[in-house]
Amino acid sequence: FWGLYGTLAGIVNGASLDLYYLGLHEQDAPRLETADRSLSTVGARLVRRPASGMLDYEFEAAWQFGTSRASAASATDLDHRAGFVHIEGGYT
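Description of the structure in this document. All figures in this text were calculated on a predicted structure; none of them were measured in a lab.

Further remarks concern the pattern of salt bridges. Scanning the model with the defined rule gives five salt bridges in all. D77 is the partner of R69 in a salt bridge, and the nearest nitrogen-oxygen pair spans 2.6 Å. The structure contains a network of salt bridges with shared partners spanning D18, R45 and E58.

Written out as structure tokens, the structure is:
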């Protein structure tokens, strides 16, 4: 499992933009069968922190894709696709 993460601070009205890439790559080892997963996740998050008299918000979206075995004992590869979106807002 590994990843890259970066932040661009103050890009729009004091909001920060986070960008990330996460990777998971596993395969069988002696005496250890795995699902041989090869998954990648890319995402972005825009955040404006709470401050007195101001609107605050957070938007995040991520997409995951790759392959995995149907089971540790199977040789059948399955396509993997998943995603999510998160939105919240407030006023302090």
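So much for the structure itself; the text now carries on.
Let's shift gears to the sheet that holds strand β1 (residues 2-12). Spatially, five strands are ordered β1-β2-β3-β4-β5 in an open sheet, and the strand pairing comes out antiparallel. Of all the strands in the sheet, the pair left with one neighbour each is β1 and β5 (77-91). Taken over all neighbouring pairs, the strand axes of this sheet differ in orientation by 10° on average, direction set aside.

The next subject is the environment of R81. Among the structural elements, R81 can be located in strand β5. Residue classification places R81 among the exposed positions, given a relative accessible area of 60%. Dropping the residues within four chain positions of it, R81 is found in contact with W63, Q64 and F65.

Conventions adopted
Residues numbered from 1 in each chain as written. Predicted model: local features only at pLDDT ≥ 70, side-chain atom pairs only at ≥ 80, totals over all residues. Heavy atoms only, no water. Salt bridge = Lys/Arg side-chain N within 4 Å of Asp/Glu carboxyl O. Pairing = 2+ DSSP bridges. Helix = DSSP H or I, 4+ residues; strand = E, 2+ residues; numbered from the N terminus. Axes fitted to C-alpha atoms, helices over the stretch in contact; angles between N-to-C directions. Buried < 20%, exposed > 50% of the residue type's maximum accessible area, 1.4 Å probe, protein only. Contact = heavy atoms within 4.5 Å.

By themselves, these are just geometric observations and shouldn't be taken as functional.
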